[in-house]
Amino acid sequence: KAGVTQTPRYLIKTRGQQVTLSCSPISGHRSVSWYQQTPGQGLQFLFEYFSETQRNKGNFPGRFSGRQFSNSRSEMNVSTLELGDSALYLCASRSGTSGGETQYFGPGTRLLVL
Amino acid sequence: GQSLEQPSEVTAVEGAIVQINCTYQTSGFYGLSWYQQHDGGAPTFLSYNALDGLEETGRFSSFLSRSDSYGYLLLQELQMKDSASYFCAVGSGATNKLIFGTGTLLAVQP
């Protein structure tokens with residue numbers, strides 16, 4: 001099976017712009033979670049989607065949003081970018097049963113906001 | 001609040017054994033996981049403990065004590081390629097939200 005894929009891998013934006021990141025989970029996986037990783041804050045949970053529904057959301061402002069499509073692919077959007085949004089954005093997929101153990105991460109999108 | 005604490009850095013030599021500790025404080029507990037992340041790469045799953053005790057997977061073992069809110073990852077026969085960051089993570093709620101620890105940077109020296 002192919003792993004989790006994320007596009008684009010690298011992105012440079014300026015403050016005030018918006019950005020959309022894409023994640024394709026492992027085939028058959030219905031759950032997609034998004035995480036932000038920064039040197040200062042570590043790995044932080046953004047949100048999780050399961051069968052096109054947001055099941056959980058982390059403590060991020062409303063500028064961060066996401067969605068999931070019927071084929072389980074997911075996108076996250078960040079509007080009005082700020083310098084502090086520069087980070088590695090990771091998505092992870094799982095088959096979807098309850099619990100929080102094995103998640104499979106994609107390579108991430110490295111976003112730089114200038 | 002919810003937090004997981006790990007040592008920030010650990011250094012060991014090739015062939016040695018190293019233990020990375022994790023203490024957690026969370027509301028709701030759905031098992032303790034360990035992930036490895038090489039610089040700039042994707043975190044990869046190493047081990048999971050839902051119940052107290054030791055889980056062994058090749059050179060890696062993980063231990064959990066729920067009464068002590070404590071776990072550790074044990075790496076044996078260290079190799080240079082084990083140099084990476086290691087994160088403990090707790091599942092939170094009946095969803096796939098993971099709360100990650102602060103991460104431990106392991107440096108394996110020849």
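Now for a quick tour of the structure.

### Structural notes on the packing of aromatic side chains
Argument step 1. For the structure shown, the criterion picks out 12 aromatic pairs over all chains.
Argument step 2. For the ring pair Tyr35(A) and Phe45(A), a centre distance of 5.6 Å and an interplane angle of 70° mean the geometry is edge-to-face. Here Tyr35(A) is found in strand E4 (residues 31-38), whereas its partner Phe45(A) is found in strand E5 (residues 42-50), with 10 residues between them in sequence.
Argument step 3. Accessibility expressed as a relative area gives 0% for Tyr35(A), which makes it buried.
Argument step 4. Measuring from centroid to centroid gives 5.0 Å for Phe63(B) and Tyr72(B), while their planes differ by 20°, and the two rings are stacked.
Argument step 5. Grouping aromatic residues by their ring pairs yields a cluster made of Tyr35(A), Phe45(A), Phe105(A), Tyr35(B), Phe45(B), Phe87(B) and Phe100(B).
Argument step 6. The positively charged end of Arg55(A) is found above the aromatic ring belonging to Phe50(A), 4.5 Å away from the centroid.

### Comments concerning the sheet that holds strand E7 (residues 64-68) of chain A
Residue and element names in this part refer to chain A.
Argument step 1. Here four strands make up an open sheet; going across it, the order is E1-E3-E8-E7 and the pairing antiparallel. Two strands bound the open sheet, and with one partner strand each, they are strand E1 (5-7) and E7. The sheet shows a mean angle of 20° between the axes of neighbouring strands, direction not considered.
Argument step 2. Both E7 and strand E8 (residues 74-78) contribute to a ladder of five bridges, which runs antiparallel. When the bridges of E8 are listed, Arg-67 appears paired with Glu-75.

### Focus: the sheet that holds strand E6 (residues 53-57) of chain B
Residues and elements named next belong to chain B.
Argument step 1. Pairing in this open sheet of five strands is antiparallel, and the strands run E1-E3-E8-E7-E6 from one edge to the other. The outermost strands of the open sheet, each flanked by one partner alone, are strand E1 (3-5) and E6. Put simply, the sheet's adjacent strands are angled 20° from each other on average, direction ignored.
Argument step 2. Here strand E3 (residues 18-25) runs beside strand E8 (residues 70-75); their pairing, made up of six bridges, is antiparallel. Bridging from a neighbouring strand, Thr-23 pairs with Tyr-70 of E8.

### Side note on unusual backbone geometry
Argument step 1. Cis geometry is adopted by the peptide bond preceding Pro8(A), which originates at Thr7(A) and carries an omega value of -10°.
Argument step 2. Of note in this structure, Ser51(A) is not a glycine but carries a positive phi near 50°.
Argument step 3. Among the structural elements, Ser51(A) can be located in the loop between E5 and strand E6 (53-57).
Argument step 4. Even without glycine at this site, Glu77(B) takes up a positive phi of about 45°.
Argument step 5. By secondary structure assignment, the location of Glu77(B) is in the loop between E8 and strand E9 (84-91).

Basis of the calculations
- Residues numbered from 1 in each chain as written.
- Chains lettered and ligands numbered in written order.
- Predicted model: local features only at pLDDT ≥ 70, side-chain atom pairs only at ≥ 80, totals over all residues.
- Heavy atoms only, no water.
- Phe/Tyr/Trp six-rings, centres within 6.5 Å; stacked < 30°, edge-to-face > 60°.
- Helix = DSSP H or I, 4+ residues; strand = E, 2+ residues; numbered from the N terminus.
- Buried < 20%, exposed > 50% of the residue type's maximum accessible area, 1.4 Å probe, protein only.
- Lys NZ or Arg CZ within 6 Å of the ring centre and 35° of its normal.
- Pairing = 2+ DSSP bridges.
- Axes fitted to C-alpha atoms, helices over the stretch in contact; angles between N-to-C directions.

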